[in-house]
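# A look at the structure
Residues per chain, in single letters:
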Amino acid sequence: MTAGSTPNRRTASISATLLLLLAGCATAGNEYGEPAQGLPPITDPPARSGVPTLLIAMPNSPNFVEVRKSLVWEVQKSFNIHTLAVGPETTVADLGSAIQTVAPVCLVLMNNATMNLYHQYQTANPAAPMPPAVLLMASFVEEVQARLRRATGIAYEVPGVTAFVNLRSVISAPINRVGVIYRPAFRKFVEYQTALAAKEHVDLISVSVPNDVTAAGLREALHSLARNSKVDAVWMLNDNELVRNAEFIDDAWSSELSDAKLPLIVGVPNLVEPSSPLGTLAVVPDHEALGLQAANLLFDLSDNNWQVESHPVELPLSVKTVVDIRLVRANFGLRPDALKHIDKALE
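Cut-off values and rules
- Residues numbered from 1 in each chain as written.
- Predicted model: local features only at pLDDT ≥ 70, side-chain atom pairs only at ≥ 80, totals over all residues.
- Heavy atoms only, no water.
- Phe/Tyr/Trp six-rings, centres within 6.5 Å; stacked < 30°, edge-to-face > 60°.
- Helix = DSSP H or I, 4+ residues; strand = E, 2+ residues; numbered from the N terminus.
- Buried < 20%, exposed > 50% of the residue type's maximum accessible area, 1.4 Å probe, protein only.
- Lys NZ or Arg CZ within 6 Å of the ring centre and 35° of its normal.
- Axes fitted to C-alpha atoms, helices over the stretch in contact; angles between N-to-C directions.
- Parallel < 35°, antiparallel > 145°, perpendicular 65-115°, else oblique.
- Left-handed = near helix turned anticlockwise from the far one by under 90°.
- Contact = heavy atoms within 4.5 Å.
- Nonpolar A, V, L, I, M, F, W, Y, C, P; charged D, E, K, R; others polar.
- Pairing = 2+ DSSP bridges.
- Right-handed = clockwise from strand over helix to strand, strands pointing away.
- Salt bridge = Lys/Arg side-chain N within 4 Å of Asp/Glu carboxyl O.
- Core = buried A, V, L, I, M, F, W, Y, C linked by side-chain atoms within 4.5 Å.
- Polar contact = N/O pair within 3.5 Å; in protein donor to acceptor, adjacent residues only side chain to side chain.

## Thoughts on the packing of aromatic side chains
Enumeration over the complete set of coordinates arrives at seven aromatic pairs. Where F189 meets W235, the ring centres are 6.2 Å apart and the plane angle is 40°; that geometry is what we call tilted. Separated by 46 residues along the polypeptide, F189 in helix α8 (residues 187-198) and W235 in strand β8 (residues 233-235) bring together distant segments of the chain. On the basis of relative accessibility, which here comes to 19%, the residue F189 falls in the buried class. An aromatic cluster is defined as three or more aromatic residues linked by ring pairs; in this entry it consists of F140, F164, F186, F189 and W235. The lysine or arginine in question, R244, covers the ring of F248, its NZ or CZ lying 4.2 Å from the ring centre.

## Description of the packing of helix α7 (residues 160-170) against α8
α8 packs onto α7 with a crossing angle of 40° between their chain directions and a minimal axis gap of 8 Å. By the criterion of interaxial angle, the relationship of α7 to α8 is oblique. Classified by chirality, the crossing of α8 by α7 is right-handed. Across from G160, V161 and F164 in α7, the residues of α8 making contact are Q193, L196 and A197. Residue composition of the contact of α7 with α8, grouped by class: four nonpolar, two polar and no charged.

## A closer look at the sheet that holds strand β2 (residues 80-85)
Taken together, five strands build an open sheet; the order of strands is β2-β1-β3-β4-β5 and the sheet is parallel. Across the chains shown, the open sheet's two edge strands, defined by having one partner strand only, are β2 and β5 (151-153). Each strand of the sheet is rotated relative to its neighbour by a mean of 25°, with strand direction disregarded. Where strand β4 (residues 133-136) lies against β5, three bridges are found, and the strand directions are parallel. Each residue of the ladder has a partner; that of L135, found in β5, is G153. Sheet contacts for helix α3 (residues 62-75): β1 (53-58), β2, β3 (106-110) and β4; angle to β1, the most-contacted strand, approximately 175°.

## Structural notes on the pairing of strand β6 (residues 177-182)
Side-chain direction in a regular strand flips from residue to residue, so the side chains alternate between the two faces of the sheet. Burial within β6 is extensive, with five of its six residues counted as buried. Here β6 runs beside strand β7 (residues 203-208); their pairing, made up of six bridges, is parallel. Of the residues in β7, the one forming a bridge with Y182 is S208. Between β6 and its parallel partner β7, the chain crosses via α8, and the hand of that crossover is right-handed. With three bridges joining them, β6 and β8 adopt parallel strand pairing. Following the sheet pairing, V178 is matched in β8 by A233.

## Looking at the pattern of salt bridges
What the rule picks out here adds up to six salt bridges. Put simply, R329 and E347 hold a salt bridge, and the shortest N to O gap is 2.9 Å. Taken together, the residues R329 in helix α12 (residues 325-331) and E347 in the segment after β12 (344-346) connect sequence positions 18 residues apart.

## Comments concerning the environment of W73
Tracing the backbone through its elements, the reader meets W73 in helix α3. Judged by relative accessible area, which is 65%, W73 ranks as exposed. A sequence separation of 28 residues divides W73 from P45, and the C-alpha atoms of the two residues are 9.8 Å apart.

## Some thoughts on the nonpolar core
In terms of nonpolar packing, the biggest core is built from 58 residues, with M110, L136, W253 and L298 touching the most fellow members. In contact with L298, not counting residues within four places along its chain, are L54, L71, V75, C106, V108, V134 and W306. Counting residues in each nonpolar core, the second largest holds 32 residues, with V161, A233, I265 and F332 among its members.

## Points about the environment of Q100
Relative to the helices and strands, Q100 is located in helix α4 (residues 92-102). One polar contact links Q100 to Y121, side chain to side chain, over a distance of 2.8 Å.

## Thoughts on the sheet that holds strand β10 (residues 281-285)
Overall, mixed pairing links the seven strands, which are arranged β7-β6-β8-β9-β10-β11-β12 in an open sheet. Lying at the two open borders of the sheet, with one neighbouring strand each, are β7 and β12. The mean angle between the axes of side-by-side strands here comes to 20°, regardless of whether they run parallel or antiparallel. Summarising the sheet, β8 and strand β9 (residues 264-266) pair through two bridges and their orientation is parallel. Paired with V234 across the strands is L264, a residue of β9. Its contacts with the sheet put α7 on β6, β7, β8, β9, β10 and β11 (319-324), and the angle it makes with β10 is roughly 135°. Packing of helix α9 (residues 215-228) onto the sheet brings it into contact with β6, β7 and β8, and relative to β6 it is tilted by some 165°.

Written out as structure tokens, the structure is:
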């Protein structure tokens, strides 16, 4: 967002974080999270006879491992745990084999790629009974839930209004009008967020773009929000088509926002990076707390005979705020008490 950043450095940094949005979770490197160099293989607690089993399918990368750690800590006295590490090489047959071998009472699926595998498994076995699934660490879990049989979960997206209020507590510049760009599939989501924002006296100004929007088209939409709608900030949705590659982000988001000098609210912490300024603030789930929340969800489902269909997708109960305070100081003014409202201050 600052004109002084070199395009090469910015593009290189974004390349390292881009596909966390494609995966819809707070991981970096590729859609299965950061490369797992240095991470030991996932080890499950010893299995016990006669105890029901949970099958956790997830990438072996740091943020997923953090969620799993707190989840397993809470549930291991009541359930056996079997973890399937999912990577680019994992197939539907691999997931199906694990389901058949383990016979889990419930699946815990982390990231969109893993959920896509389960969707393919269900499609290939339309008449077979399916174990229920709890969905975590993925973008737009409610949309995924609609495509699966017997699934519920916890959203990764924090309501926009939470981020807007947090931004107000950090920067001196007023935040009364926030712009958002969305594709048609996200219309209902944006309408709901608009109603929530109004309760905090924030006008959410939305601009719809085509599914195949170009970088030039996205720049035009951003330009309209900045110049015509006079928004005070922009909110970036976790939509892979709006951040499809590093060049697209650089050509559309970075170039336009560096001219407009507007704070950018993002949905993943890795896009808040002072060495290559783009996102100003991210409000994301606390991963340790997310694992505990998932454990409580599993206990509730178990008590209700795994009737997941009647259980709506939950919002994350605990969040963390990440802020590029160098960027804030330079462009928007840092409130005197801002650090009280920031969990991770970067500069």
